[in-house]
Amino acid sequence: MTMLFTAAETPLLDDSVKGCLDFKGRPVHRSNSGGWTSASFIIAVEVAERFAYYGISSNLITYLTGPLGLSTAAAAAQVNSWSGVATLLPLLGAFLADSFLGRYRTIILASLVYILGLGLLTLSATLPSVTTSGAPNADNVTLNTSSMLQYQVILFFFSLYLVAFGQGGHKPCVQAFGADQFDAEHPVECKAKSSVFNWWYFSIAAGILLTLLILNYIQENLSWVLGFAIPAIVMAVGLLVFLLGTMTYRFSVEGDKESPFVRIGRVFILAIRNRKIASSAIATEESFKQFKFLDKALLASDSTMEQGKVCSMREVEEAKAVLRLAPIWATCLIYAVVFAQTSILFTKQGATMDRSITRGIEIPAATLQCFISFSILLFIPIYDRIVVPLARAFTGKPGGITMLQRIGTGIAVSAIAMVIAALVEMKRLQTAREHGLVDKPNLTVPMWVWWLVPQYSLCGLSDVLAIVGLQEFYYDQMPNELRSIGIALYLSILGFGSFLSSFLISVIETVTGKDGRDSWFADNLNRAHLDYFYWLLAALSALGLALYVYSARSYIYARRSTS
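All values reported here derive from a predicted model rather than from experimental measurement.

K.L.:
Help me understand a nonpolar patch on the surface in this model?
P.N.:
A contiguous nonpolar patch, built from L92, L96, F100, V113 and F165 and spanning about 460 Å² of accessible area, is present on the exposed surface. Broken down by element, the nonpolar patch gets its largest block of residues, three residues, from helix α4 (residues 90-101). Mapping F100 onto the fold places it in helix α4. Residue classification places F100 among the exposed residues on the basis of a relative accessible area of 58%.

Quick look at the structure:
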């Protein structure tokens, strides 16, 4: 039987993926590369990294105020500073990946640094083992203990920031590399790509949930050494799984040997240099309505003609795409401040409350963060399988609603979460007063910790909307070669938000604690006023939402986006 193929059918025989190569530099075929198969290996290392990260960050304030003996305000500032650095370093990692190393190699190197940091962190937890038993000179023992504690603190923070460096290279590349495994020009893979950010976050939430349910209990009830060692082991296993998927990965072909940072930087330089030249010769297009001052990079001055460097319309559009993201970035910072509280003040708040499950068994305060994960695991399937299809039927958009609408809804939910948190804290303070516990901070306030579940759950819903929306938005709207930077920019919102949180806490601690008064963040939380801080954040969130809506309404999406 003779096989005949029409011109329309012939392309089906070639399932090679345009613009992608395999790990040996050969063309890749759709049937045995990319898609959910490759994404599964990449998600595995991301789940391991999130397990390790939250294994440290979720209970860090407990370790700082416990074994290391810091005050609540000092510990909160340290946690915020570390979180800020950890979420700003991805800008450096993304730059190295997009300009020099590539995402695959950056992930491997960052994972090795990560494992080293976790290993040293485990070692630091073994140091305070000095005892006074049998010591001939108590003064010498005290001196040695103090010296050992100093070494422990130095090693601990060195290891902690080494973990931050590892995350800086890991986080922006893994998610971008995972999304790269789906071809946006293929109808089936395009739909999968629109869901990958939802299910990516779902998988991460599952990993975080395991951390909060298991690791926090081990750290507080068994051993901090074991609690730090397990994340190191999990991270090593995750790296191994990632390497096993190498033969299935799709590697994007570099469209231009010149660094995208150089191209975009040249646009700004030439626009400034040509600022006095008349721009009447520039053709007017829809895409050039914003930031018209950059259009002058298209003009040739005498100096640029001599150098042979004139920017193309594509390069100017790339520069404008990056610049358009700035207002969205700035107006999301208050949301990031709220995001930072779940692992800091919420945890300290819960530590004062009745956390007993049965007689003699208490859940660690940090474990309450599992309700954020429960909320994410509940709402992502509802959003992806019910809300999006229903919204898509009305709007015709692949994502149901636009990415910016999704982010804005998440910011609104976070403001509501702060209102709920303030009301619950007011109830906790009232309960402490009614039972005469204001000056007895070591006694448990007879109020169930489950009162905190609504604020945690709303924060989880906010994450589903705002965090996942920001991830997709900054990946989708960046030029193709700068998508690692796009993920890093989204993370930098959380980083600057952590620094803002630290700054706010420090300023408020100084102002409200003058003349020996109890500050809003007093170590005795029964005399503190976290409720005032939560009301402040709720008001700032409302202001931030108004500014965000104003910026979002004037945003022009990149042409390739259908959102």
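K.L.:
Quick question: what am I supposed to make of the nonpolar core here?
P.N.:
It is characteristic of soluble globular proteins that their nonpolar side chains tend to be buried jointly. F156, F242, I328, F473, F533 and Y534 are the most contacted members of the largest nonpolar core, which has 134 residues in total. The dominant element in this core, judged by the number of residues it contributes, is helix α16 (residues 453-476), at 11 residues. Residue contacts for F156: discarding those within four places in its chain leaves L60, Y63, L64, L68, L121, S124 and F228.

K.L.:
What is the right way to read the packing of helix α11 (residues 313-331) against helix α18 (residues 530-553) from this model?
P.N.:
The description of two packed helices rests on the angle between their axes and on the distance between the axes. For the pair α11 and α18, interaxial distance at closest approach is 8 Å and the crossing angle is 165°. As far as their axial angle goes, α18 and α11 are roughly antiparallel. Here α11 and α18 pass one another in a crossing that is left-handed. Across the interface between the two elements, P327, I328 and T331 of α11 pack against G544, L547, Y548, S551 and A552 of α18. Considering only residue class, the contact of α11 with α18 consists of five nonpolar, three polar and no charged.

K.L.:
Looking at this model, I keep getting lost on the confidence of the model for the chain. Mind explaining?
P.N.:
Caution applies to low-pLDDT regions: their predicted coordinates should not be interpreted in detail. Averaged over all residues, the pLDDT of the chain is 79; the fraction at 70 or higher stands at 85%. Note on residues 1-13: pLDDT is under 50 here. Beyond four places in sequence and across chains, it has three contacts. Considering only residues more than four positions removed or in separate chains, one finds that residues 129-144, a stretch of pLDDT under 50, has six contacts.

K.L.:
I'm lost on α16 in this one. Help?
P.N.:
A turn of α-helix holds 3.6 residues, and therefore any two residues three or four places apart point the same way. The end-to-end C-alpha distance of α16, which contains 24 residues, comes to 34 Å, matching closely the 34 Å that a straight helix rising 1.5 Å per residue would cover. D463 marks where α16 bends most, by close to 35°. Within α16, 20 of the 24 residues are buried, which leaves it mostly tucked inside the rest of the structure.

K.L.:
Can you help me understand the side chain of R428 in this one?
P.N.:
Looking at the secondary structure, you find R428 in helix α15 (residues 403-434). Looking at R428, the relative accessible area reads 1%, which means it is buried. In this structure the side chain of R428 is engaged in a polar contact, spanning 3.1 Å, whose partner is the side chain of T352. Residue contacts for R428: discarding those within four places in its chain leaves Q349, T352, M353, V445, M447, L525 and N526.

Scoring rules and cut-offs
- Residues numbered from 1 in each chain as written.
- Predicted model: local features only at pLDDT ≥ 70, side-chain atom pairs only at ≥ 80, totals over all residues.
- Heavy atoms only, no water.
- Patch = residues over 30% accessible without salt bridge, like charges linked within 9 Å, V, L, I, M, F, W, Y side chains within 5 Å.
- Areas by Shrake-Rupley, 256 points an atom, 1.4 Å probe, with all protein chains shown as cover.
- Salt bridge = Lys/Arg side-chain N within 4 Å of Asp/Glu carboxyl O.
- Helix = DSSP H or I, 4+ residues; strand = E, 2+ residues; numbered from the N terminus.
- Buried < 20%, exposed > 50% of the residue type's maximum accessible area, 1.4 Å probe, protein only.
- Core = buried A, V, L, I, M, F, W, Y, C linked by side-chain atoms within 4.5 Å.
- Contact = heavy atoms within 4.5 Å.
- Axes fitted to C-alpha atoms, helices over the stretch in contact; angles between N-to-C directions.
- Parallel < 35°, antiparallel > 145°, perpendicular 65-115°, else oblique.
- Left-handed = near helix turned anticlockwise from the far one by under 90°.
- Nonpolar A, V, L, I, M, F, W, Y, C, P; charged D, E, K, R; others polar.
- pLDDT = per-residue confidence, 0-100.
- Expected span 1.5 Å × (residues − 1).
- Bend = angle between axes of the 7 residues up to and from the residue.
- Polar contact = N/O pair within 3.5 Å; in protein donor to acceptor, adjacent residues only side chain to side chain.

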